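Structural characterization, general
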Amino acid sequence: MADGADRADGADRAALPLAARELALAQARTLARHGRYAEAEAILTDAGRDADPSVPLLDLLARVHAQQGRLDEADAAWDEAEHLAPGSPEIAECRRRVAKARARRSTRPAWPYAAAVAVVAPAVAVLVVAGAGEEGDRPAPVVVRTVPAAPAPAPDVPAGMDLGVPGAVARRRQGEISVSFRQGLFQDGVRLSRDGRAVLSALGARLRPYATRISVAVIGHTDDRPVPPGRGYATNTELGTLRAMVVRELLHDRAGIPTGRFTVSSLGAASALGGDRSPARNRTVGLRISPAGQE
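What this report covers is the structure whose coordinates are included nearby.

Cut-offs used in this document
Residues numbered from 1 in each chain as written. Predicted model: local features only at pLDDT ≥ 70, side-chain atom pairs only at ≥ 80, totals over all residues. Heavy atoms only, no water. Helix = DSSP H or I, 4+ residues; strand = E, 2+ residues; numbered from the N terminus. Buried < 20%, exposed > 50% of the residue type's maximum accessible area, 1.4 Å probe, protein only. Contact = heavy atoms within 4.5 Å. Core = buried A, V, L, I, M, F, W, Y, C linked by side-chain atoms within 4.5 Å. Expected span 1.5 Å × (residues − 1). Axes fitted to C-alpha atoms, helices over the stretch in contact; angles between N-to-C directions. Parallel < 35°, antiparallel > 145°, perpendicular 65-115°, else oblique. Left-handed = near helix turned anticlockwise from the far one by under 90°. Nonpolar A, V, L, I, M, F, W, Y, C, P; charged D, E, K, R; others polar.

**Section: the overall build of the protein chain**
In terms of regular secondary structure, the protein chain is built from seven helices and 10 strands. Per-residue burial over the protein chain gives 42% buried out of 295 residues. Taking the contacts inside the protein chain whose residues are at least 6 apart along the sequence as the reference set, 63% of them involve residues at least 24 apart.

Rendered as structure tokens:
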């Protein structure tokens, strides 16, 4: 019986880094859609540091580089992705367009010219434009332009929602309620403390009447200490994401909020609260509660 439990625990541990990397990829994609390329790049780099690279990770990293006009780095990432997925027409097309823009920029420096590289991911568009017009004496400029999505106005959260439970601090802002916690929720790693479980359960009870009307974003926090080996997660970003997943499951159980109404994310040590990077204070999560579909 114990052997079976050990095997199940080992399988769960083996799955943790992969699950965390997929969640980190989703978070980086969201950041890129909103023009937060430096943050997206940091997450992708962190997620791929201690694991074999994946094609989706390399492809998104290349698009982030291209969006910033860093065509050499974009091509290098796509080259690595192409070795993992030989014959991919999408990657080949992206590399072709980047090569065309690089060639024109390097071979005709004194002539302004028109060239466009469009690298399109879901809701992420890249336009690299190198000049336009007649012959001149200035080098061809390189301009990177983004196409932002126009956000729709969001309704407010229900006016009667009271999340004032002991140990939690709720702040109402336009369109959402943010919740922080006075103390860390976790003993260590991804194990909730008794007090942490109690405050989350009380919060879940307050959220239950609104379960079908709200969405919840859970943001995991960590300190900036290196992750010890053998923990089932390789980076603080993975640890923070897993903490967010633990809280999601508890709130799903206590409040009855559908799993699809949650998003989980983490910036690891970069999300240390108020500059306080002490381990106990940052063994926690933050919550953003908004109307369903507006998180």
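Let us keep going from here.
**Details of the nonpolar core**
Within the largest apolar cluster, 36 residues are counted, with the highest numbers of intra-cluster contacts made by Val179, Phe181, Leu207, Val218 and Leu287. Of all the secondary-structure elements, those providing two or more residues to this core are strand 5 (176–181), helix 6 (194–207), strand 8 (214–220), helix 7 (236–255), strand 9 (262–266) and strand 10 (285–291). Residue contributions to this core peak at eight residues, all from helix 7. Setting aside residues up to four positions removed in sequence, leucine 287 forms contacts with Ile177, Ser178, Val179, Phe181, Leu203, Val216, Ala217, Val218, Val247 and Leu251.

**Concerning the environment of serine 193**
By the element assignment, serine 193 lies in the loop between strand 7 (191–192) and helix 6. Of the residues examined, serine 193 reaches a relative accessible area of 14% and is grouped as buried. For the pair serine 193 and arginine 283, spaced 90 residues apart in sequence, the C-alpha separation works out to 9.9 Å. Discounting chain neighbours no more than four positions away, the residues touching serine 193 are Gly184, Leu185, Phe186 and Gln187.

**Considerations on helix 7**
Between its first and last C-alpha atoms helix 7 spans 28 Å; for 20 residues at 1.5 Å apiece the expected length is 28 Å, and the two agree. For helix 7, the buried fraction is high: 15 of the 20 residues fall into the buried class. Once helix 7 ends, the next one or two residues include glycine 256, with phi positive near 75°.

**Observations concerning the packing of helix 3 (residues 55–67) against helix 4 (residues 71–84)**
The contact between helix 3 and helix 4 brings their axes to 8 Å, and the two run at 165°. The pairing of helix 3 with helix 4 is recorded here as roughly antiparallel in orientation. In terms of crossing hand, the pair formed by helix 3 and helix 4 is left-handed. Between helix 3 and helix 4, the residues in contact are Val55, Leu58, Asp59, Ala62, Arg63, His65 and Ala66 and Leu71, Glu73, Ala74, Ala77, Trp78, Glu80, Ala81 and Leu84, respectively. Within the contact of helix 3 with helix 4, the residues separate by chemical class into 10 nonpolar, one polar and four charged.

**Observations regarding the packing of helix 6 against helix 7**
Between helix 6 and helix 7, the shortest axis-to-axis distance is 8 Å and the interhelical angle comes to 45°. Here helix 6 is positioned oblique relative to helix 7, judged by the angle of their axes. Viewed along their axes, helix 6 and helix 7 form a crossing whose handedness is right-handed. Packed against helix 6, whose contacting residues are Arg197, Leu200, Ser201, Gly204 and Leu207, the element helix 7 presents Val247, Leu250, Leu251, Arg254 and Ala255 at the interface.

**Points about the environment of leucine 251**
Structurally, leucine 251 is set in helix 7. The class of leucine 251 is buried, set by a relative accessible area of 0%. For leucine 251 and leucine 207, which are 44 residues apart along the polypeptide, the C-alpha to C-alpha distance reads 8.6 Å.

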